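Observations on chain architecture
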2 protein chains.
Amino acid sequence: MTANPSDRQPGATTRRGRRPSTSPLQLEEVAFGLFASKGFEATTVDDIATAAGIGRRTFFRYFESKNDVVWGSFAEHLDYMRQRFAECPPDQPLMDAVRTVVVDFNRFDPDEVPWHRRRMELILRVPALQAHSTLRYAAWREVVAEFAARRLGMSVGDLVPQALAYAALGAALAAYEHWLAHPGEQLSDIIDSTMRDLAGGFGAR
Amino acid sequence: MTANPSDRQPGATTRRGRRPSTSPLQLEEVAFGLFASKGFEATTVDDIATAAGIGRRTFFRYFESKNDVVWGSFAEHLDYMRQRFAECPPDQPLMDAVRTVVVDFNRFDPDEVPWHRRRMELILRVPALQAHSTLRYAAWREVVAEFAARRLGMSVGDLVPQALAYAALGAALAAYEHWLAHPGEQLSDIIDSTMRDLAGGFGAR
DNA sequence: AGCATAATGGCATCGAGTGCCAAAATGGAA
DNA sequence: TTCCATTTTGGCACTCGATGCCATTATGCT
């Protein structure tokens, strides 16, 4: 279970000290297994650490909290979304751009879908995670707000881009909940439809 | 600091056992004082209990968690919102109704405003409370979704009313954050403007 | 005075999270 | 090979939120 020494980065000076005995991804897999069998709340950090063959203290060097385990490498994914926004044609209407990017950001390979569903079931249904996730959503909103602000010639902190980002997040969450409740449907279709409703002001007249 | 015996409900059979030694409201006031001086995180439940002259164990009979203290009597307020929705003229366009009710729901007497601001500063700025508040927001959304569903001839769980509720919540939160950052402005004006943006699809064309 | 009722608060326990630090592992240099 | 610098590990102690258990206290009724 030790990392392969040949994994070293080519450019980097060869590493010095002791090698990490596991990885975030590996811990995530172990943890998800336990969550699936015992449930999230009933799984203690000790359980995860023991199952992964590390000390409890070490677990907290890989993840800030037990909650964070379920979020995987979300921060890196956000970079992708930011990049997708940057690539939007300047003449594309704001809400069209938001819709297409959000839909795109939530596209997954068919073989990743079951895993993603399990992740989202935890995030959206376990109260402790529902709560904690709010903090992650802030980063997501910021990416949307940055883009909206740029397009509207405002600053990120301004009311309109912030409200837009908040509303877009809400729409996406509603779409996700629907997706969890209706396994037959396509996530991207649901998000697309919901973002259209949002852009249409939910039929306001 | 003992409740007045003459506080008894007229219709109720006279109470039997020992009288409560404090009240949620009183605890809330004590707690807010401590939060203001030491900060939320640095204030322990022991601090609050001691300051209120009760045992730590008793505190948890008045509030499920330390987080819950800041929410006061939110559940009862929600009943008011539900009622306001029920009173909306049937011919009033959906998003107009949502806007006016949400604006109305967030109107406060001028003398309540400073207290409300302190409450919302905690809720929106302390990470632990930001996270925990998500759970409270669910109840708020449900009220909006119920109304939207009724108006749209759908069920509460359906995608559109849920998305609408989520988006309305988002808009309201953005408005609140703006209000906290701009003490000079009127909360109801900010919310009204933000809800109009939402109903207008943020200028989608 | 005695009884039923209701709130209190101490005690023990669990689990998340953190600071501290000695021990283990590893590559490079003498 | 030996020693050193570096990095990770994991045990220990501690804080704090939260919960179950239960004897104690206060209160009104009979």
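Residues numbered from 1 in each chain as written. Chains lettered and ligands numbered in written order. Predicted model: local features only at pLDDT ≥ 70, side-chain atom pairs only at ≥ 80, totals over all residues. Heavy atoms only, no water.

**What about the side chain of Asn67(A)?**
All names here are of chain A. You can see Asn67 is positioned in the loop between α3 (56-62) and α4 (74-86). Here Asn67 falls in the buried class, since its relative accessible area comes to 18%. In contact with Asn67, other than residues within four places in its own chain, are Phe40, Ala128, Leu129 and His132. (Helix = DSSP H or I, 4+ residues; strand = E, 2+ residues; numbered from the N terminus. Buried < 20%, exposed > 50% of the residue type's maximum accessible area, 1.4 Å probe, protein only. Contact = heavy atoms within 4.5 Å.)

**Concerning the pattern of salt bridges**
For the structure on display, the rule yields 20 salt bridges over all chains. Here Asp192(A) and Arg99(A) are joined by a salt bridge, their closest N and O atoms 3.2 Å apart. Taken together, the residues Asp192(A) in helix α9 (residues 187-199) and Arg99(A) in helix α5 (residues 94-105) connect sequence positions 93 residues apart. Assessed through its relative accessible area of 10%, Arg99(A) is described here as buried. Residue Asp47(B) pairs with Lys38(B) through a salt bridge whose shortest N-O separation is 2.8 Å. Overall, Asp47(B) belongs to the partly exposed group, its relative accessible area being 24%. The exposure class assigned to Lys38(B) is partly exposed, which follows from its relative accessible area of 41%. It is possible to trace a salt-bridge network through shared partners that takes in Asp96(A), Arg99(A), Asp192(A) and Arg196(A). (Salt bridge = Lys/Arg side-chain N within 4 Å of Asp/Glu carboxyl O.)

**So, the packing of aromatic side chains**
Working definition: an aromatic ring pair is given by the centre-to-centre distance plus the angle between the planes. Residue and element names in this part refer to chain A. Summed over the entire model, instances satisfying the criterion amount to 18 aromatic pairs over all chains. Seen in terms of ring centroids, Phe35 and Phe40 are 4.8 Å apart; in terms of plane orientation they differ by 55°. Their pairing is tilted. Just as Phe35 is buried, Phe40 falls in that class too. Between the NZ or CZ atom of Arg117 and the centre of the ring of Trp179, over which it lies, the distance is 4.2 Å. (Phe/Tyr/Trp six-rings, centres within 6.5 Å; stacked < 30°, edge-to-face > 60°. Lys NZ or Arg CZ within 6 Å of the ring centre and 35° of its normal.)

**Points about the protein's contact with DNA strand D**
The local shell around DNA strand D holds 27 residues, among which Arg61(A), Tyr62(A), Thr14(B), Arg56(B) and Arg57(B) are the closest. Counting only atoms of DNA strand D within 4 Å of the protein, the sugar-phosphate share comes to 62%. Arg18(B) is positioned such that a nitrogen or oxygen atom in its side chain is 3.2 Å from a base oxygen of DNA strand D. One nitrogen or oxygen atom from the main chain of Val45(B) is found 3.2 Å from a phosphate oxygen belonging to DNA strand D. Among the elements of the structure, α3 of chain A together with α3 (56-62) of chain B are those that each provide at least two residues to the surface near DNA strand D. Looking at the surface near DNA strand D residue by residue, the class counts come to five nonpolar, nine polar and 13 charged. (Near = heavy atom within 4 Å. Polar contact = N/O pair within 3.5 Å; in protein donor to acceptor, adjacent residues only side chain to side chain. Nonpolar A, V, L, I, M, F, W, Y, C, P; charged D, E, K, R; others polar.)

**Focus: the relation of the copies chain A and chain B**
When chain A is brought onto chain B, the operation consists of a screw motion whose angular component is 180° and whose axial shift is 0.0 Å, with 0.0 Å RMSD remaining. The two molecules are tied by a two-fold rotation axis, judged by turn and shift. Looking at the interface residues of chain A, 100% of them are also at the interface in chain B, so both copies use one shared face. (Least-squares fit on C-alpha atoms with pLDDT ≥ 70 in both.)

**Section: the interface of chain A and chain B**
Of the residues lining the interface, 33 residues belong to chain A; the matching set on chain B comes to 33 residues. Interface area, chain A with chain B, both sides summed: about 2,600 Å², of which 70% is carbon and sulfur. When the area that chain A buries against chain B is broken down by residue, the three leading residues are Leu159(A), Tyr166(A) and Phe202(A), summing to 27%. Where chain A packs against chain B, one counts zero salt bridges. Taken together, the connections running from chain A to chain B amount to three residue pairs in polar contact (both at pLDDT 80 or more). Listed by contribution, the elements that provide at least two residues to the side of chain A that touches chain B are α5, α7 (127-152), α8 (159-181) and α9 of chain A. Of all the elements, α8(A) adds the most residues to the side of chain A that touches chain B, at 14 residues. The residue inventory of the side of chain A that touches chain B, partitioned by class, reads 21 nonpolar, nine polar and three charged. (Buried area = accessible area lost by both parts, 1.4 Å probe.)

**Re the protein's contact with DNA strand C**
Around DNA strand C there are 27 residues in total, and Thr14(A), Arg56(A), Arg57(A), Ser21(B) and Arg61(B) lie nearest to it. A share of 59% of the atoms of DNA strand C within 4 Å of the protein falls on sugar and phosphate groups. Within the backbone of Arg18(A), one N or O atom sits 3.4 Å away from a base nitrogen of DNA strand C. At 2.8 Å, a backbone N or O of Lys66(A) approaches a phosphate oxygen of DNA strand C. Looking at the surface near DNA strand C, the elements with two or more residues in it are α3 of chain A together with α3 of chain B.

**Quick word on the environment of Glu177(B)**
Along the chain, the position of Glu177(B) falls in helix α8 (residues 159-181). You can call Glu177(B) partly exposed: its relative accessible area is 26%. Expressed as a C-alpha distance, the spacing of Glu177(B) and Arg125(B), which sit 52 residues apart in the sequence, is 9.1 Å. If near-sequence neighbours (up to four positions away) are discounted, Glu177(B) is found in contact with Gln162(A), Tyr166(A) and Leu124(B).

**Here we look at the packing of helix α6 (residues 113-125) of chain A against α7(A)**
Residues and elements named next belong to chain A. Between α6 and α7, whose axes approach to 5 Å, the crossing angle comes to 100°. By the angle between their directions, the pair α6 and α7 is classed as roughly perpendicular. Residue-level contacts link Leu122, Ile123, Leu124 and Arg125 of α6 to Pro127, Leu129, Gln130, Ser133 and Tyr137 of α7. By residue class, the composition of the contact of α6 with α7 is six nonpolar, two polar and one charged. (Axes fitted to C-alpha atoms, helices over the stretch in contact; angles between N-to-C directions. Parallel < 35°, antiparallel > 145°, perpendicular 65-115°, else oblique.)

Read these as spatial facts, not as claims about activity.
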